[in-house]
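# Coordinate analysis (summary)
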Amino acid sequence: MRRAMPSVLAAVSALLLTPALALAAPVKIGFMSTFTGPGGTLGQDQYDGFMLAVDGEQGKLGGIDVDIIKEDDAMKPEVGIQIAQRFVSKDKVALITGVVFSNVMMAIHRPITSSKTFLVGSNAGPTPITGKGCSPFFFSTSWNNDQLHEAGGELANRMGFKNIYLLAPNYQAGRDAMEGFKRNFKGKIAGEIFSQTNQPDYSVEISTVAAAKPDAIYTFFPGGMGVNFTKQYQQAGLMTKIPMLSVSTIDGSTLPALGDVAVGAVTSSPYAPDLDNPANKQFVSAFRKKYGREPSLYAAQSYDAARLIASALKRTKGNVDDKDALRAAFRTADFASVRGHFAFNTNQFPISPFYRVDVVKDASGKAALSAKDVIFAKSEDSYARECAMK
């Protein structure tokens, strides 16, 4: 057998080791969300929105090959911690994204960020991680929980409500919801009810509201909770007597199950499918074509997360080892958001718009979400000033 000359072997080795010719391994991204239980539709929307961007680049983000590892946290903090540890220690992911529910986010935030692994949240934004608990390794493409409901409080003011009853599930996001609403609402709080997370029957809560006779109610019941509460509220005959103003109760994830029951409802939201900007028009068209349904805010925020990651990977040419450079690339937010204006505050949560979004009948007679007014054009959360990052 003939052997290659040493000089030839050296030349071949040099070529194989040349960065331009070497095959770079895909960037591993862990995707964690809730795919089972009453909140499963939210997680699926998140994942579908993210994968729309990945598939649109034929398995790449920012021109860089990516490997998406999908895991279900089942809305259980202890499961989320196990997944986070596996992502970091076994899978060696460069980034983690997703996460619908705040109880899971609260559990995984510190284990992930303390390992200096970037976490790009696209929904849950619990207040404790927004201010003093902020981290240079966490970015959000959604909002701080309070911020979401500060817009709801302002919308209630504009609608002339003076006396409102508040209802939300008893977990971090529910508690943040009530605090955020009360921060901007100028009227009287008729009462507050924290219900059990994922309970199916709201008859006691509805009876309490009926007896209190407020001007309106304000609800935060995401996923299946929103479907159950809204149907029961309507069946009790209260929808026209005591109007329901909501956030993440009637939205793109729950509207298919509610249909005409939700027509006429008024919501505060960071997103609607009919927002008039080029990025959103392209997103909505592609989402409808691929999945055969309307995109929800969960899908939109996760699509934004994918586009943010794509912009960072493009700037760093796929180098995820230089943490400072990658963080700087994230902070530029060099992508067109489907929500409109998008920039990062000092705590790396968005400065973005919030809208009044009504449920109307579209041209085909189906219930649809439609943006009617801008509540805040460039909303900044109330906790950024407590974050020590610069």
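Criteria and thresholds
- Note on numbering: residues in each chain are counted from 1, in written sequence order.
- Two thresholds apply to this predicted model, a pLDDT of at least 70 for residue-level local features and 80 or more for giving and counting side-chain atom pairs, whereas whole-chain, interface and lining totals are computed over all residues.
- Only heavy atoms go into the side-chain values, all of them from the structure, while hydrogens and water stay out.
- Helix and strand assignments come from DSSP, with helices taken as H or I runs of at least 4 residues and strands as E runs of at least 2, each series counted from the N terminus.
- Radius of gyration: over C-alpha atoms. The globule rule applied is 2.2 Å multiplied by the number of residues raised to the 0.38 power.
- The rule is simple: take the accessible area with a 1.4 Å probe, protein chains only, and divide by the maximum for that residue type; under 20% is buried, over 50% is exposed, in between is partly exposed.
- Contacts are assigned to residue pairs with any non-hydrogen atoms lying within 4.5 Å of each other.
- Note on areas: these come from Shrake-Rupley sampling with a 1.4 Å probe, and a residue is covered only by the protein chains present in the view.
- Asp and Glu are treated as the negative residues and Lys and Arg as the positive ones, with His and the ends of the chain left uncounted.
- We put the charge of a Lys on NZ, of an Arg on CZ, of an Asp on CG and of a Glu on CD.
- The term polar contact refers here to a pair of N or O atoms within 3.5 Å; inside protein, the definition further demands a hydrogen-donor-capable atom paired with an acceptor-capable atom, and it admits residues adjacent in sequence only when both atoms are side-chain atoms.
- Each residue carries a pLDDT value, the predictor's own confidence for that position, ranging from 0 to 100.
- A pair of Phe, Tyr and Trp rings is counted when the ring centres sit within 6.5 Å of each other, with Trp represented by its six-membered ring. The angle between the planes then sorts it: under 30 degrees is stacked, over 60 is edge-to-face, the rest tilted.
- By nonpolar core is meant a set of buried Ala, Val, Leu, Ile, Met, Phe, Trp, Tyr and Cys residues that side-chain atoms within 4.5 Å join together.
- Put plainly, a pocket is an open set of points on a 1 Å grid over the protein atoms alone with protein on both sides within 12 Å along at least five of seven lines, a cavity is a set where a 1.4 Å probe fits but cannot get out, and a lining residue has an atom within 4 Å of a point.
- Grid points are joined across faces, edges and corners, and a volume is the space filled by probe spheres set on the points.
- Three residue categories are used. Nonpolar comprises Ala, Val, Leu, Ile, Met, Phe, Trp, Tyr, Cys and Pro, charged comprises Asp, Glu, Lys and Arg, and polar comprises the others, including Gly.
- We treat two strands as partners when DSSP finds at least two bridges between them.
- Lines are fitted to the C-alpha atoms to define the axes, a helix being fitted only along its stretch in contact, and any angle between axes, read from their N-to-C directions, falls within 0 to 180 degrees.

### Considerations on the overall build of the chain
A tally of helices and strands in the chain yields twelve helices and 14 strands. Taken over C-alpha atoms, the radius of gyration comes to 23 Å for the chain, in line with the 21 Å a tight globule of 390 residues would show. Judged by the C-alpha coordinates and their principal axes, the chain covers about 95 × 45 × 35 Å. Across the 390 residues in the chain, those meeting the buried criterion constitute 57%. When contacts within the chain are restricted to residue pairs at least 6 apart in sequence, those whose partners lie at least 24 apart make up 70%. Just so you have it, the chain exposes about 16,600 Å², and 53% of that area is on carbon and sulfur atoms. Placing the 42 positive and 36 negative side-chain charges of the chain at their respective mean positions leaves the two points 4 Å apart.

### Let's talk about unusual backbone geometry
Even without glycine at this site, V99 takes up a positive phi of about 75 degrees. Within the secondary structure, V99 sits in the loop between β4 (95-98) and α4 (102-113). Here N198, not a glycine, exhibits a phi torsion of approximately 65 degrees, which is positive. In this fold, N198 is placed in the loop between β8 (188-195) and α7 (203-212).

### Quick look at the side chain of N144
Looking at the secondary structure, you find N144 in the loop between β6 (138-140) and α5 (145-158). Classification of N144 as buried rests on a relative accessible area of 0%. One polar contact links N144 to T130, side chain to side chain, over a distance of 3.0 Å. Ignoring anything within four residues of it in the chain, the contact list for N144 reads G125, P126, T127, T130, F349, D381 and Y383.

### A short note on the confidence of the model for the chain
For the chain, per-residue confidence averages 93 on the pLDDT scale, and 94% of positions sit at 70 or higher. A low-confidence stretch, residues 1-22 stays under pLDDT 50, and its non-local contacts, those more than four residues away or across chains, total three contacts.

### Some details on the packing of aromatic side chains
Enumeration according to the criterion identifies 23 aromatic pairs in this entry. Residues F138 and F349 carry aromatic rings whose centres are separated by 5.5 Å and whose planes lie at 40 degrees to one another, so their mutual orientation is tilted. One end of the pair, F138, is in strand β6; the other, F349, is in the loop between β12 (343-344) and β13 (350-361), and 211 residues separate them in sequence. Judged on exposure class, the residue F138 and its partner F349 are both buried. A centroid spacing of 5.2 Å and a plane angle of 65 degrees characterise the contact between F139 and F344, whose relative ring orientation is edge-to-face. Taken together, the residues span a long stretch of sequence, with F139 in strand β6 and F344 in strand β12 at a distance of 205 residues. With respect to class, F139 is no different from F344; both count as buried. Within the aromatic cluster, the residues linked to one another by ring pairs are F118, F137, F139, F330, F335, F342 and F344.

### With respect to the nonpolar core
Ranked by internal contacts, the top residues of the largest apolar core, which has 99 residues, are F50, L61, F283 and F330. Considering each element in turn, this core owes the most residues, twelve residues, to helix α11 (residues 297-316). When sequence neighbours within four positions are dropped, the list of residues in contact with L61 reads I29, F50, A53, V54, V66, A306, I309, A310 and L313. Judged by nonpolar contacts, the second largest core, of 17 residues, contains M32, V93, V104 and L119.

### Overview of the layout of surface pockets
Volume-wise, the largest pocket comes out at about 610 Å³. What lines the largest pocket is a set of 26 residues, among which P273, R293, E294, A367 and A368 lie closest to the centre. Contributions of two or more residues to the lining of the largest pocket are made by α2 (40-56), α9 (255-258), α10 (278-291) and β14 (367-379). Ranked by residues supplied to the lining of the largest pocket, first place goes to α10 with five residues. Tallied by class, the residues present in the lining of the largest pocket amount to nine nonpolar, nine polar and eight charged.

### Some remarks on the sheet that holds strand β5 (residues 118-121)
What the six strands build is an open sheet, ordered β2-β3-β1-β4-β5-β6; its pairing is mixed. What marks the edges here is a single partner per strand, and that holds for β2 (60-61) and β6. Across the sheet, α4 touches β1 (27-33), β4, β5 and β6, and the angle it forms with β5 is around 155 degrees.

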